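Notes for the structure review
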Amino acid sequence: MTIKRYGTGQIGAGGQPLPFARATEAAGWLYVSGQVPMEKGEIVSGGIVAESRKAIDNMIAILDEAGYGLEDIVRVGVWLDDPRDFWSFNGVYAEYFGANPPARACVQSRMMVDCRVEIDCVAYRADRA
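This write-up is about the structure you can find in this document.

Analysis parameters
- Residues numbered from 1 in each chain as written.
- Predicted model: local features only at pLDDT ≥ 70, side-chain atom pairs only at ≥ 80, totals over all residues.
- Heavy atoms only, no water.
- Phe/Tyr/Trp six-rings, centres within 6.5 Å; stacked < 30°, edge-to-face > 60°.
- Helix = DSSP H or I, 4+ residues; strand = E, 2+ residues; numbered from the N terminus.
- Buried < 20%, exposed > 50% of the residue type's maximum accessible area, 1.4 Å probe, protein only.
- Patch = residues over 30% accessible without salt bridge, like charges linked within 9 Å, V, L, I, M, F, W, Y side chains within 5 Å.
- Areas by Shrake-Rupley, 256 points an atom, 1.4 Å probe, with all protein chains shown as cover.
- Salt bridge = Lys/Arg side-chain N within 4 Å of Asp/Glu carboxyl O.

1. Quick look at the packing of aromatic side chains
Applying the stated criterion to the full structure yields four aromatic pairs. An angle of 45° between the planes, with centres 4.5 Å apart, marks the rings of Trp29 and Tyr124 as tilted. Highlighted residues: Trp29 in strand S3 (residues 29-35) and Tyr124 in strand S8 (residues 117-124), separated in sequence by 95 residues. Among the residues examined, Trp29 registers a relative accessible area of 32% and is labelled partly exposed. Their ring planes at 80° and their centres at 4.9 Å tell us that Phe86 and Trp87 sit as a pair that is edge-to-face.

2. Some points on a nonpolar patch on the surface
Taken together, the side chains of Trp29, Tyr31 and Val74 present a nonpolar region at the surface, about 280 Å² in accessible area. Checked against the element boundaries, Val74 lands in strand S6 (residues 73-80).

In short, shape yes, function no, at least from these values alone.
Okay, here's the thing in structure tokens:
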């Protein structure tokens with residue numbers, strides 16, 4: 001089995017190298033690392049709605065880079081800094097996943113950077129297995 005890594009050697013906040021891949025693919029499975037609402041090294045402003053869209057868009061960009069789409073996602077993990085953001089996040093999430101949502105876990109957690117949300121996913125394509 002071959003393992004392919006996407007986005008290694010990335011630079012994070014403060015110019016520090018990130019010690020992980022943005023995604024790893026093996027046997028048709030793609031594991032996307034947690035994405036925060038960051039653009040050009042800065043967290044976007046605008047509250048939970050803007051942050052949710054940016055974090056999901058960042059995740060989608062990695063899926064696209066690897067040749068996967070939203071329809072290939074089988075599981076999503078979500079971390080919210082404030083549980084009061086749950087329903088607002090769900091509204092944004094539904095815009096992306098609609099009538100065919102993947103399995104999901106959503107928990108409250110303090111963030112490692114100054115943001116309100118982080119999201120990751122696992123996707124699968126049988127034609128790449």
